[in-house]
Amino acid sequence: MEGSKKKRKRYGGAAQGNRRPLDGSHEEPMPLPNPMVGFNLPNDRLRSVTRRLPQQAIGPPFFYYENVALAPKGVWATISRFLYDIEPEFVDSKHLCAAARKRGYIHNLPIENRFPLLPLPPKTIFEAFPHYKKWWPSWDPRRQLNCLQTSMSSAKLTERIQCALASSGNPPPKSVQKYVMDECRKWNLVWVGKNKVAHLEPDEVEYLLGFPRDHTRGVGKTERFKSLGNSFQVDTVAYHLSVLKDMYPNGVNVLSLFTGIGGGEVALHRLGIHMRTVVSVEIGEVNRRILRGWWDQTQTGTLIEIADVKSLTDDRIATFVRRFGGFDLVIGGSPCNNLAGSNRHHRDGLEGEQSALFYHYFRIVDAVKSAMGRM
């Protein structure tokens, strides 16, 4: 990645003779906004934020990068430095749907004239799933779910909770309430019977994340949870991408990095933006199968699939740029395995084996910019 390190100097990064480590450990931490509402929200037209992009960040192409907001110290400052010193937009999806999802987005898209997907998604658990209200105890104050994870709770845990409640009074003592609430919040458990909690089903997670029903159906339940837990929240991403609709009435050419199950593609489709071509880079075979299944049923454009981001060389990028006349959008979120909060043992920041793939995102965006600049 030496080329990327050299290019970083062009973007106001580490000064010569004072090179800061790539993991950002000496960076000033980037403060996370509270509330985490981004530059604007669909229901918040009065609050206006203006931003001026650094000159080197202005397209083409437009690009859009996503990762977990609660990353180790210095990570977002490093990501921002590589991506042309653009200020991240931090959004918690609980402001747009019924489940929290704290994410940072770095992009060079306009932020005026955004519009949300319709119909607007439900904002509370009971709006999304009215049937759970019947068994919901008065001492469970949750009205929204926490971040949807890549795994589900065990049957043993729900059994332990049921036993603890069955042997308690009504309402249970505060200590039992606290134990149950801690587990319910951690695992997003919902009430499905008297003293009985259960994890959400995959189709419910699809719904909360803005995917069509059965989007991930056809693969194992464990794989479905993993793929969904790593995906975009479609309504949030679509709100940001909505500015492209009037700009590209004839459709877009997209370079989709770390595509996953196609959250970006579903967002564009739901916005009514035709995808003429998508070059998708995704290493997971299950994810590729899910994306291809959805694409073949809903799209008329061309889908080109590449497994490994490392095989997308600068020469190959230049060939695609010549073939399609450039890319209108480069979109993706590199793996958060070494960034996410619960992953203490491998939380190595951007130097972790998986999260270091971010540098390929930067390399590829820069290669697209260079190739398009030569057109």
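Up top is the structure these notes are about.
The present account deals with the structure reproduced in this document. Keep in mind the model is a prediction, meaning the values are calculated, not measured.

Notes on the overall build of the protein
Step number 1: A tally of regular secondary structure across the protein gives 13 helices and nine strands.
Step number 2: Residue pairs in contact within the protein that sit at least 24 positions apart in sequence constitute 73% of those at least 6 positions apart.
Step number 3: Carbon together with sulfur atoms contributes 50% to the accessible area of the protein, which is approximately 17500 Å² in total.

Looking at helix α8 (residues 234-241)
Step number 1: Extensive coverage of α8 is indicated by the burial of eight of its eight residues.
Step number 2: For α8, the full list of buried residues reads Val234, Asp235, Thr236, Val237, Ala238, Tyr239, His240 and Leu241.

Some points on the side chain of His199
Step number 1: Inspection of the secondary structure puts His199 in the loop between β5 (196-198) and α6 (202-209).
Step number 2: A relative accessible area of 18% places His199 in the buried class.
Step number 3: In this view, His199 contacts Met152, Ser153, Asn188, Leu189, Lys221 and Phe225; residues no more than four positions away in its chain are not counted.

Brief notes about the pairing of strand β3 (residues 102-107)
Step number 1: Burial analysis of β3 places five of its six residues in the buried class, which makes it a mostly covered element.
Step number 2: Direction of pairing for strand β1 (residues 62-68) relative to β3: antiparallel, over a ladder of five bridges. Paired with Val68 across the two strands is Arg103, which belongs to β3.
Step number 3: Judged from the four bridges that link them, strand β2 (residues 89-92) and β3 form a sheet pairing that is antiparallel. Following the sheet pairing, Phe90 is matched in β3 by Gly104.

Considerations on the packing of aromatic side chains
The geometry of an aromatic ring pair comes down to the distance between the two centres and the angle between the two planes.
Step number 1: Under the criterion given, the structure shown has 18 aromatic pairs.
Step number 2: Ring geometry for Trp139 and Trp191: centres 5.6 Å apart, planes at 85°, overall edge-to-face. Of this pair, Trp139 sits in the loop between α3 (125-128) and α4 (155-166) while Trp191 sits in strand β4 (residues 190-193); the two residues are 52 residues apart in sequence, bridging distant segments of the chain. Across the pair, exposure class does not vary: Trp139 and Trp191 are buried alike.
Step number 3: Here the aromatic cluster, defined as three or more aromatic residues joined through ring pairs, consists of Phe63, Tyr65, Trp76, Phe82, Tyr84, Phe90, Phe358, Tyr359, Tyr361 and Phe362.
Step number 4: The cationic tip of Lys369 hangs over the ring face of Tyr84; the distance from NZ or CZ to the ring centre is 5.2 Å.

With respect to the sheet that holds β2
Whenever strands of a sheet pair, they do so through backbone hydrogen bonds, lying parallel or antiparallel.
Step number 1: Pairing within the open sheet is mixed, and its seven strands lie in the order β2-β3-β1-β9-β6-β7-β8. At either end of the open sheet lies a strand with only one pairing partner, and these are β2 and β8 (302-306). Geometrically, the sheet is characterised by an average inter-axis angle of 20° between neighbouring strands, direction not taken into account.
Step number 2: Sheet strands in contact with helix α2 (residues 75-82) are β1, β2 and β3, and its direction is about 20° off that of β3.

Quick word on the pattern of salt bridges
Step number 1: Under the defined criterion, the tally for this structure stands at 12 salt bridges.
Step number 2: Put simply, Glu89 and Arg114 hold a salt bridge, and the shortest N to O gap is 2.8 Å. Separated by 25 residues along the polypeptide, Glu89 in strand β2 and Arg114 in the loop between β3 and α3 bring together distant segments of the chain. Arg114 shares its class with Glu89; the two are buried.
Step number 3: Residue Glu201 pairs with Lys221 through a salt bridge whose shortest N-O separation is 3.0 Å. Taken together, the residues span a long stretch of sequence, with Glu201 in the loop between β5 and α6 and Lys221 in helix α7 (residues 221-229) at a distance of 20 residues.
Step number 4: What makes Glu201 partly exposed here is its relative accessible area of 31%.
Step number 5: Because the salt bridges share partners, they merge into one network encompassing Arg292, Asp296 and Glu305.

What about the packing of helix α12 (residues 314-324) against helix α13 (residues 358-373)?
Step number 1: Following both chains from N to C, one finds α12 and α13 inclined at 45°, their axes separated by 9 Å at the closest point. Taken together, α12 and α13 sit at an angle that is classed as oblique. When the axes of α12 and α13 are compared, the crossing they make is right-handed. Side by side, α12 and α13 meet where Asp314, Ile317, Ala318 and Val321 of the first sit next to Arg363, Ile364, Ala367, Val368, Ala371 and Met372 of the second.
Step number 2: Residues that form the contact of α12 with α13 fall into these classes: eight nonpolar, no polar and two charged.

So, unusual backbone geometry
Step number 1: Cis geometry marks the peptide bond from Asn34 to Pro35, where omega comes out at 5°.
Step number 2: In this structure, Asp85 takes a positive phi of about 60° despite not being glycine.
Step number 3: Inspection of the secondary structure puts Asp85 in the loop between α2 and β2.
Step number 4: One non-glycine residue, Asp214, lies in the positive phi region at around 70°.
Step number 5: Structurally, Asp214 is set in the loop between α6 and α7.

Definitions and limits used
Note on numbering: residues in each chain are counted from 1, in written sequence order. The predicted nature of this model means local features are confined to residues of pLDDT at least 70 and side-chain atom pairs, given and counted, to a pLDDT of 80 or more, with totals for whole chains, interfaces and linings taken over all residues. As a rule here, side-chain values come from all non-hydrogen atoms in the structure, and water together with hydrogens is ignored. Counting from the N terminus, the helices are the DSSP runs of H or I reaching at least four residues and the strands are the DSSP runs of E reaching at least two. Contacts: residue pairs with any heavy atoms within 4.5 Å of one another. All accessible areas in this document rest on Shrake-Rupley with a 1.4 Å probe, and a residue is counted as covered only by the protein chains that are shown. Under the scheme applied here, a residue whose accessible area is under 20% of the maximum for its type counts as buried, over 50% as exposed, and between as partly exposed, the area being computed with a 1.4 Å probe on protein chains only. A strand pair is defined by DSSP finding two or more bridges across the two strands. Put simply, two rings from Phe, Tyr or Trp (the six-membered ring, in Trp's case) pair if the centres are within 6.5 Å, and we call them stacked under 30 degrees between planes, edge-to-face over 60, tilted for the rest. Working rule: Lys NZ or Arg CZ, within 6 Å of ring centre, within 35 degrees of ring normal, means a charge sits over the ring. Between N-to-C directions, angles cover 0 to 180 degrees, with each direction set by a line fitted to C-alpha atoms, over the stretch in contact for helices. Each salt bridge in this description consists of a side-chain nitrogen of Lys or Arg and a carboxyl oxygen of Asp or Glu lying within 4 Å of one another. Small angles under 35 degrees read as roughly parallel and large ones over 145 as roughly antiparallel, with 65 to 115 read as roughly perpendicular and the rest as oblique. Two helices crossing with the near one rotated counterclockwise from the far one by less than a right angle form a left-handed crossing, whereas a clockwise rotation gives a right-handed crossing. Under this grouping Gly is polar, as are all residues other than the nonpolar Ala, Val, Leu, Ile, Met, Phe, Trp, Tyr, Cys and Pro and the charged Asp, Glu, Lys and Arg.

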